[in-house]
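Residue-level listing of the chains:
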Amino acid sequence: MDKRSQILLKTLVEHYISDGQPIGSRTLLQHSGLDVSPATIRNVMSDLEQLGFIASPHTSAGRIPTQKGYRLFVDSLLTVKPLDVQIVQQLKTGLSSPNPSELIANAADMLSQLTQFAGVVMTPKRKRVAFKHLEFLTLSEKRILVIIVTSDGNVQNRIILTEKPFSASELTQAGNYFNAHFSGHTFEEVQQKLHAELKQMQNDMNQLMTAALEASSKKTDDDSVVIAGERNLLQVDDLSTNVTSLRKLFEIFERRTSLMQLLDNSQRAEGIQIFIGGESGYLPLDECSMITAPYEADGQVVGTLGVIGPTRMAYERVIPIVDVTAKLLSNALSSQ
């Protein structure tokens, strides 16, 4: 694509993001700064449309960017603006809590407030901590509460379902065995030792301990992703008119599994990632985009945060908000 075509595509995308209306050749000529004839503008627009970068909605004479056009725009033509000093200070203030869980929740809230879209944060992956003590308590005939105390003082409660009922003495025996043999080991080490050391025990007791270990080493999806401001998307014209797809998006917010997969994939990449329309394979809306960035603690990437909003968003403003939030959250977590 030559320079003139790039300028016209950039102008068209920026103008469409600004007012949401199809852009005609006359408007492009006025705002592009190019000294060319209207006929030349029309020819270039025709070429861009044939290449799939822009499209003509319905019978309108104007054009709008396609997913392919947005992708070229954010990859090659976008000029990112530095964040306003007041916004940076607002983020610093919001991300100053000594509580890691509160920091994560605040980060999601700040992303939502500053963009007026949905802010999402994948919670930090748990460090390799050792467990100190485990206890089984009967809740009902086949429902058992597992209480796990880790070496860092964290207490977790998990409920497991068993195929057969266990007596109080059997649960005490299982807990004593677990604590005597595995206390001080990480969950990963316990998993490895479990297969070797439980062979001589009764099969049903083996199943009980295996279920307890699986329950204690897994996070639920609800624990793993913090979402704030998803209702903001109902106010976005481009999204609110697509009721069926919007419902699917909210189902993803409810289940969170697909969102976890997307954030987890983003965590493996460096820096800002931008998913436009259906590119991610997880978001159901062609009119929806997601901007993500990984964040760290003590030099190690531990999670991902981002913003979900309409494809027609001010990328030059949202990208630095996501970027700076990730860096400030990294600093806050590393200083604890």
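The rules behind each value
Residues numbered from 1 in each chain as written. Predicted model: local features only at pLDDT ≥ 70, side-chain atom pairs only at ≥ 80, totals over all residues. Heavy atoms only, no water. Helix = DSSP H or I, 4+ residues; strand = E, 2+ residues; numbered from the N terminus. Buried < 20%, exposed > 50% of the residue type's maximum accessible area, 1.4 Å probe, protein only. Contact = heavy atoms within 4.5 Å. Areas by Shrake-Rupley, 256 points an atom, 1.4 Å probe, with all protein chains shown as cover. Expected span 1.5 Å × (residues − 1). Pairing = 2+ DSSP bridges. Axes fitted to C-alpha atoms, helices over the stretch in contact; angles between N-to-C directions.

Caption draft 1: Structural context of the overall build of the protein. Within the protein, the regular secondary structure consists of 14 helices and ten strands. A total of 336 residues make up the protein; the buried ones form 46% of that total. A separation of at least 24 residues holds for 60% of the contacts in the protein among residues at least 6 apart in sequence. A total accessible area of about 17000 Å² is found for the protein, and carbon and sulfur atoms account for 48% of it.

Caption draft 2: Inspection of unusual backbone geometry at higher detail. Even without being a glycine, Gln116 presents a positive backbone phi close to 65°. Positionally, Gln116 belongs in the loop between helix H6 (100-115) and strand S3 (118-122). Positioned with a positive phi, Asp298 is a non-glycine residue whose angle comes to about 55°. Here Asp298 is to be found in the loop between strand S9 (288-297) and strand S10 (300-310).

Caption draft 3: Looking closely at helix H14 (residues 315-334). Taking 1.5 Å per residue, 20 residues should reach 28 Å; H14 reaches 28 Å between its end C-alpha atoms and fits that length. Within H14, 15 of the 20 residues are buried, which leaves the element mostly enclosed by the surrounding structure.

Caption draft 4: Representation of the sheet that holds strand S5 (residues 143-150). Spatial strand order, S4-S5-S6: three strands in an open sheet with antiparallel pairing. Every other strand in the sheet has two partners, leaving strand S4 (131-140) and strand S6 (155-161) as the edge strands with one partner each. In this sheet, neighbouring strand axes are inclined to one another by 20° on average, regardless of whether the strands run parallel or antiparallel. Where S4 and S5 come together, eight bridges link them in antiparallel fashion. For Glu135, the partnering residue across the bridge sits in S5 and is Ile147.

Caption draft 5: Focus on the side chain of Ser5. Structurally, Ser5 can be placed in helix H1 (residues 3-19). When its relative accessible area of 11% is taken as the criterion, Ser5 is described as buried. For Ser5, the residues in contact, after removing those within four places along its chain, are Val44 and Leu48.

Caption draft 6: Structural context of the pairing of S9. In terms of residue burial, S9 counts as a mostly covered element, since nine of its ten residues are buried. Pairing of strand S8 (residues 273-276) with S9, which is carried by four bridges, proceeds in the antiparallel orientation. By the bridge assignment for S9, Phe275 is matched with Met290. Note: S9 against S10, ten bridges, orientation antiparallel.

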